[in-house]
Amino acid sequence: MMSGVCRERSGFITAAALLLLVFGTVGIVLGLVLLLASLDVLASGGKVVISGQTITIHEADRLAGWSVLYLVTNAIEVVAGYFLWNARKIGGVLAAIGVVASVFLWSLPVPGIPGTTYVVVAGAIMAYSVVVVVLLGLGWDVLK
């Protein structure tokens with residue numbers, strides 16, 4: 001058994017925790033970039049170009065709302081990764097909530113992300129979510 005609060009965890013739970021921590025952190029950075037870009041458009045009342053797409057003030061409010069929700073789901077995933085690292089069952093529950101929320105958000109059209117980029121990112125999020133759920137299922141019995 002590991003020392004302190006951290007309990008013994010399986011390789012499945014370790015892999016799920018690492019995926020959640022990495023993808024959650026990357027998602028927070030992406031969410032912040034999109035939120036700042038949308039706030040820039042709203043503050044200037046103009047347009048901004050993100051990944052070759054022009055975002056107008058009418059789309060910026062939608063992008064800002066989407067970005068805030070995405071930041072929250074990624075924060076949940078990072079917290080879930082922390083709890084899973086410590087072999088806590090609450091981490092598995094939070095992970096399930098986080099990946100389901102991410103899948104839902106990426107099923108919505110996101111202003112500012114071009115079609116091909118959107119398909120690649122949304123596909124990666126879907127695949128990542130399936131892998132996390134499978135890893136959780138395989139390692140659930142070791143969680144306390």
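Since the model is a prediction, treat every value here as computed from it, not as a measurement.

Would you explain the UniProt feature "transmembrane region" (unreviewed entry) in the protein in this entry?
UniProt records the feature "transmembrane region" (unreviewed entry) at residues 12–37, 63–85, 92–112 and 118–143, using the numbering of this structure. Between the C-alpha atoms that bound residues 92–112 there is a distance of 32 Å. The span itself is 71% helix and 0% strand. Between the end C-alpha atoms of residues 118–143 there is a gap of 35 Å, over a span that is 85% helix and 0% strand.

What is the right way to look at the side chain of Ser129 in this model?
As for its position among the elements, Ser129 is in helix α4 (residues 115–139). Classification of Ser129 by relative accessible area gives buried; the value is 5%. Here Ser129 is in contact with Val99 and Val103, once residues within four sequence places are set aside.

So what exactly am I meant to see when it comes to unusual backbone geometry here?
Within the chain, Ala87 stands out as a residue other than glycine whose phi angle is a positive 55°. By the element assignment, Ala87 lies in the loop between α2 (57–85) and α3 (89–106). Residue classification places Ala87 among the buried residues on the basis of a relative accessible area of 0%.

What should I look at first to understand α2 in this one?
Each α-helix turn comprises 3.6 residues. Residues three or four places apart therefore point the same way. With 29 residues, α2 extends 42 Å from end C-alpha to end C-alpha; this agrees with the ideal 42 Å at 1.5 Å per step. Following α2 by one or two positions, Ala87 has its phi on the positive side, about 55°.

How should the packing of α2 against α3 be read in this particular structure?
Describing two packed helices takes the angle between their axes plus the distance from one axis to the other. α3 packs onto α2 with a crossing angle of 155° between their chain directions and a minimal axis gap of 8 Å. Comparing the axis directions of α2 and α3 gives the class roughly antiparallel. You can see that α2 and α3 cross each other, and the crossing is left-handed. Residues Trp66, Leu69, Tyr70, Thr73, Ile76, Glu77, Val79, Ala80, Phe83 and Leu84 of α2 touch α3, and the partners they reach there are Ile90, Gly91, Gly92, Leu94, Ala95, Gly98, Val99, Ala101, Ser102, Leu105 and Trp106.

Is there a simple way to think about the packing of α3 against α4 in this case?
The contact between α3 and α4 brings their axes to 10 Å, and the two run at 160°. As summarised for this structure, α3 and α4 are arranged roughly antiparallel, according to the angle between their axes. Here the hand of the crossing between α3 and α4 comes out left-handed. In this structure, α3 contributes Gly92, Ala95, Ala96, Val99, Ser102, Val103 and Trp106 to the contact, and α4 contributes Tyr118, Val121, Ala122, Ile125, Met126, Tyr128, Ser129, Val132, Val133 and Leu136. Grouping the constituent residues of the contact of α3 with α4 by class yields 14 nonpolar, three polar and no charged.

Where do I start with a nonpolar patch on the surface in this structure?
Where nonpolar side chains cluster on the molecular surface, the patch consists of Phe12, Val130, Val134 and Leu138 and spans about 360 Å² of accessible area. With three residues, the top contributor of residues to the nonpolar patch is α4. Tracing the sequence through the fold places Val130 in helix α4. Its relative accessible area of 53% is what places Val130 among the exposed residues.

Teacher, can you tell me more about the nonpolar core here?
A general trend in soluble globular proteins is that nonpolar side chains are found buried together. Counting 15 residues, the largest nonpolar core has Leu20, Leu84, Ala95, Val132 and Leu136 as the members making the most contacts within it. With residues up to four places along the chain from it excluded, the contact list for Leu136 reads Ile13, Ala16, Leu84, Gly92, Ala95 and Ala96.

Calculation notes
- Numbers given for residues are sequential positions, taken from 1 along each chain in its written order.
- The predicted origin of the model limits local features to residues at a pLDDT of at least 70 and limits the giving and counting of side-chain atom pairs to 80 or more, whereas totals for whole chains, interfaces and linings rest on all residues.
- The side-chain values count all of the structure's non-hydrogen atoms but skip hydrogen atoms and water molecules.
- UniProt positions are given in the numbering used here, feature names are shortened, and annotations may be inferred rather than shown by experiment.
- By the criteria applied, helices consist of DSSP H or I runs no shorter than four residues and strands consist of E runs no shorter than two, each listed in order from the N terminus.
- For the exposure calls, accessible area comes from a 1.4 Å probe over protein chains only, and a residue counts as buried if that area is under 20% of its type's maximum, exposed if over 50%, partly exposed in between.
- What makes two residues a contact is simply this: any of their non-hydrogen atoms within 4.5 Å.
- Expected span of a helix: the number of residues minus one, times 1.5 Å.
- As a rule, the C-alpha atoms of each element are fitted with a line to give its axis, helices using only the stretch in contact, and angles between N-to-C directions run from 0 to 180 degrees.
- Note that the term roughly parallel is reserved for angles under 35 degrees, roughly antiparallel for angles over 145, roughly perpendicular for angles of 65 to 115, and oblique for everything else.
- By the definition used in this description, the sense in which the near helix is turned from the far one sets the handedness, with an anticlockwise turn below a right angle giving left-handed and a clockwise turn giving right-handed.
- Residues are grouped as follows: nonpolar covers Ala, Val, Leu, Ile, Met, Phe, Trp, Tyr, Cys and Pro; charged covers Asp, Glu, Lys and Arg; every other residue, Gly included, is treated as polar.
- By definition, no residue in a patch forms a salt bridge, and every one has over 30% relative accessible area; like charges are joined within 9 Å, nonpolar side chains (Val, Leu, Ile, Met, Phe, Trp, Tyr) within 5 Å.
- Values of accessible area rely on a 1.4 Å probe in the Shrake-Rupley scheme; residue burial ignores everything except the protein chains shown.
- In the sections that follow, a salt bridge refers to a side-chain nitrogen of Lys or Arg positioned within 4 Å of a carboxyl oxygen of Asp or Glu.
- Each nonpolar core is a collection of buried residues, namely Ala, Val, Leu, Ile, Met, Phe, Trp, Tyr and Cys, held together in the definition by side-chain atoms within 4.5 Å.

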